[in-house]
Amino acid sequence: MTNDSIPFLPYGRQSVDEADIAAVVEVLRSDYLTTGPAVAAFEAKLARAVGAEHAVVVSSGTMALHAAYAAAGIGPGDEVVVPATTFLATANAARYVGADPVFTDVDPDTGLMSAAHLEARVGKKTRAIVPVHLNGMPCDLQAFAACAERVGAIVIEDAAHALGASYRDRPVGCGAHSRMTVLSFHPVKHITTGEGGAVVTNDEALAKKLRQFRNHGMTHEAAAFEEPSPGPWYYEQQSLGHNGRITDIQCALGCSQLDKLDGFIERRRQIAERYDRQLAGLAGVQPVSGRSSDAVSAYHLYAVLIDFERLGVTRAQVMQRLRERGIGTQVHYIPVPSQPYYRRITPYDAGDYPGAVRYYQRELSLPMYPALLDSDVDRVVRELRVSLGI
Ligand SMILES: *Cc1c(COP(=O)(O)O)cnc(C)c1O
């Protein structure tokens, strides 16, 4: 039974305060609800935060992936290499531009794509390699850049989990090891705009293409016109784009949220360390590491790998018991090539993805968000142990 006096702890959630609300209300009273000054302000602030020259904000992280693949000129006949362990959108965006996602296996203990997984899957058709910094932990980007260069592809980082993470002492998104980096502002991510996403890049030509893509492929810029301009009303559609715009209402929230990013990450780190300490040494429970010699995690998810077989319970039972005790958990992720949609394109053989399958079978994401209290962490660990019988 759910006890109404105990607050439900979801696996992730936003932190919105009065400053955020005031920022949104201010836009509602202003002249521009979309494509106004808050969009430009959020872009400038975001670019600064990740150390990139350009940020192009759009309506979702999925739209950002779509825009990035389109701006890179990826299309039919091209292959985009993505890890099997990711959210659907990393692969789906390749389909939106008519390209084929090619899935790599991942490390069974971190869920991350490595250079070794990549080597077997890149080839002449590879146009982009898209590492996913799962749980907020940066992949080994250096190795991917070398591989991409060798086959004439580019690296696009899916950093939906990793705003605020760093790799080799530089922020994820700075572009030291990739041409573009994609972010999401969904409420469970590090900062939120309700729905929203961005592509950050140091390449001005790509930034232009991204801006054009989010606005139907059109331009109002006289210097860019292909035809002579007959007058001030004139605009040109030069490519096929979308309405991928994000509103000023959302961007005002994004700006206000960004002010708090460092504090959010610091609190997430404290929560992760508290979980780590309390779960250390528990047989059959292995937290996914948030540290390596090269990278610092942004602690998006607190993932644990549980040997359910050895403990004699199923994951479904554990999730159900935790839910009854007011604790939400989730599983990130079902290997994407095993989804019915992708199986219809390419028959799925679990033997091709032993790491992704092994990671998936054991993974459980515990509550992780800045507003989680130390006492909440203690309660989650206590109830998890009860649920697992340890
Ligand atoms: C959330 C997420 C996306 C998509 O972002 P949306 O803003 O939800 O469209 C893409 N990739 C990964 C890894 C994600 O977690």
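In the block above lies the structure referred to throughout.
Rules behind the numbers
- Residues numbered from 1 in each chain as written.
- Predicted model: local features only at pLDDT ≥ 70, side-chain atom pairs only at ≥ 80, totals over all residues.
- Heavy atoms only, no water.
- Helix = DSSP H or I, 4+ residues; strand = E, 2+ residues; numbered from the N terminus.
- Contact = heavy atoms within 4.5 Å.
- Polar contact = N/O pair within 3.5 Å; in protein donor to acceptor, adjacent residues only side chain to side chain.
- Core = buried A, V, L, I, M, F, W, Y, C linked by side-chain atoms within 4.5 Å.
- Buried < 20%, exposed > 50% of the residue type's maximum accessible area, 1.4 Å probe, protein only.
- Pairing = 2+ DSSP bridges.
- Axes fitted to C-alpha atoms, helices over the stretch in contact; angles between N-to-C directions.
- Parallel < 35°, antiparallel > 145°, perpendicular 65-115°, else oblique.
- Left-handed = near helix turned anticlockwise from the far one by under 90°.
- Nonpolar A, V, L, I, M, F, W, Y, C, P; charged D, E, K, R; others polar.
- Near = heavy atom within 4 Å.
- Areas by Shrake-Rupley, 256 points an atom, 1.4 Å probe, with all protein chains shown as cover.

**Q** Would you take a moment to explain the environment of Ala298 for this structure?
**A** With respect to the helices, strands and loops of the structure, Ala298 is situated in the loop between β13 (295–296) and β14 (302–306). C-alpha separation for the pair Ala298 and Arg269, spaced 29 residues apart in sequence, amounts to 7.6 Å. The contact partners of Ala298, leaving out residues within four places of it in the chain, are Gly136, His161, Ala162, Leu163, Gly164, Ala165, His190, Ile265 and Arg268.

**Q** I tried to follow the side chain of Asp158 on my own but got confused; where do I start?
**A** Note that Asp158 resides in strand β5 (residues 154–158). A polar contact is formed between the side chain of Asp158 and the side chain of Thr90, at a distance of 2.8 Å. A distance of 3.1 Å separates the side chain of Asp158 from the backbone nitrogen of Ala160, its partner in a polar contact. Sequence-distant contacts of Asp158, defined by excluding residues within four places in its chain, comprise Leu65, Thr86, Thr90, Val130, Pro131, Val132, His133 and Val182.

**Q** I keep staring at the nonpolar core and nothing clicks. Help me out?
**A** Among soluble globular proteins, nonpolar side chains are generally buried collectively. Among the nonpolar cores identified, the biggest contains 37 residues, and Tyr69, Ile74, Val80, Phe103, Ile156 and Met180 are the most heavily contacted of them. The set of elements that each furnish at least two residues to this core consists of β1 (54–58), α3 (61–71), β2 (79–83), α4 (88–96), β5, β8 (180–184) and α7 (204–213). Element by element, the count of residues in this core is highest for α3, at seven residues. Val57, Ala162, Phe185 and Ile265 belong to the second-largest nonpolar core, a separate cluster that totals 29 residues.

**Q** What's the story with the sheet that holds strand β7 (residues 170–171) in this structure? I'm lost.
**A** The strands making up a sheet are joined through hydrogen bonds of the backbone, oriented either antiparallel or parallel. With respect to topology, three strands assemble into an open sheet ordered β7-β6-β13, the strand pairing being antiparallel. Two strands in the sheet have a free side with no partner beyond their single neighbour: β7 and β13. Summarising the sheet, strand β6 (residues 166–167) and β13 pair through two bridges and their orientation is antiparallel. Residue pairing for β13: Ser166 is matched across the bridge by Val296.

**Q** I would appreciate a short explanation of the packing of helix α1 (residues 18–28) against helix α8 (residues 248–258) in the present structure.
**A** When two helices pack together, their arrangement is given by the angle between their axes and by how far apart the axes lie. In contact at an axis separation of 8 Å, α1 and α8 are set at 150 degrees when each is read in the N-to-C sense. In this view, α1 runs roughly antiparallel relative to α8, as classed from their interaxial angle. In the crossing of α1 with α8, the sense of the turn from one axis to the other is right-handed. When α1 is examined against α8, the residues Ala19, Asp20, Ala23, Val24, Val27 and Leu28 are found in contact with a partner set consisting of Asp248, Ile249, Ala252, Leu253, Ser256 and Gln257. Looking at the contact of α1 with α8, its residues break down into eight nonpolar, two polar and two charged.

**Q** Help me out: how do you make sense of the site of the ligand in this one?
**A** Around the ligand, the structure places 16 residues, and the nearest of them are Gly61, Thr62, His161, Ser184 and Lys189. Between an oxygen atom of the ligand and a main-chain N or O atom of Gly61, the distance comes to 2.8 Å. For the ligand, an oxygen atom lies 3.3 Å from a polar atom in the side chain of Tyr333. Burial of the ligand by the surrounding chains reaches 92%, relative to a free accessible area of 380 Å². Of all the secondary-structure elements, those providing two or more residues to the shell around the ligand are α3 and α4. With three residues, the single largest contributor to the shell around the ligand is α3.

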